[in-house]
Amino acid sequence: MSPGVPSIPPRPRAGSPDGTRLASASLDTNVKVWDVRSGQEVLTLEGHTGFVDCVAFSPDSQLLVSAGGDRTIKVWDARPLPADR
């Protein structure tokens, strides 16, 4: 760590059990879901009113759960949108 450079704590992340997606919590109150193979963002989940500090996929990779500083737990449909949308 360089002197004078603030330390930014790592943000929570979770890989889907099927190995195809990565979810990341964000300081901007959103959860982002990424395609592991392409590196592209496939979903932005908005709904928390505070920072998100926990994310986890369901065992079948279809749902994503997030918990945040707003003291809420949200359950999301984590399936990517069809390409034609």
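The structure we're discussing is the one just above.
These numbers were taken from a predicted model, which means no experiment stands behind them.

Caption draft 1: Quick peek at the nonpolar core. A23, V31, V33, L45, V55, F57 and L64 are the most contacted members of the largest nonpolar core, which totals 13 residues. Listed by contribution, the elements that provide at least two residues to this core are β2 (21-25), β3 (30-35), β4 (41-46) and β5 (52-57). By residue number, the principal contributor to this core is β5, which donates three residues. Not counting residues within four places of it along the chain, the set of residues in contact with L45 comprises T29, N30, V31, V33, L64 and W76.

Caption draft 2: Structural view of the environment of D35. Within the element layout of this structure, D35 appears in strand β3. Under the relative-accessibility criterion, D35 is labelled partly exposed at 25%. Between the C-alpha atom of D35 and that of G19, which follows or precedes it by 16 residues, the distance is 9.3 Å. If sequence neighbours within four positions are ignored, D35 has contacts with T20, Q40 and V42. In this structure the side chain of D35 is engaged in a polar contact, spanning 3.0 Å, whose partner is the backbone nitrogen of R37. At a separation of 2.7 Å, a polar atom in the side chain of D35 contacts the main-chain amide nitrogen of S38.

The rules behind these values
Sequence order sets the numbering: in each chain, residues are counted from 1 along the sequence as written. Per-residue local features of the predicted model are confined to residues with pLDDT of at least 70, and side-chain atom pairs are confined, for both listing and counting, to 80 or more; whole-chain, interface and lining totals are unaffected and use all residues. Side-chain figures throughout are based on the complete set of non-hydrogen atoms in the structure, without hydrogens or water. The nonpolar core is taken to be a set of buried Ala, Val, Leu, Ile, Met, Phe, Trp, Tyr and Cys residues, with the residues joined through side-chain atoms within 4.5 Å. Note on exposure labels: buried denotes an accessible area under 20% of the residue type's maximum, exposed denotes more than 50%, and partly exposed covers the range between, all computed with a 1.4 Å probe on protein chains only. For the purposes of this entry, the term helix denotes a DSSP run of H or I that reaches at least four residues, the term strand denotes a run of E that reaches at least two, and both are numbered from the N terminus. The contact definition used throughout considers only heavy atoms, calling two residues in contact when any of these lie within 4.5 Å. For this analysis, a polar contact is any N or O atom pair within 3.5 Å, provided that within protein one partner can donate a hydrogen and the other can accept it, and provided that sequence-adjacent residues contribute only side-chain to side-chain pairs.

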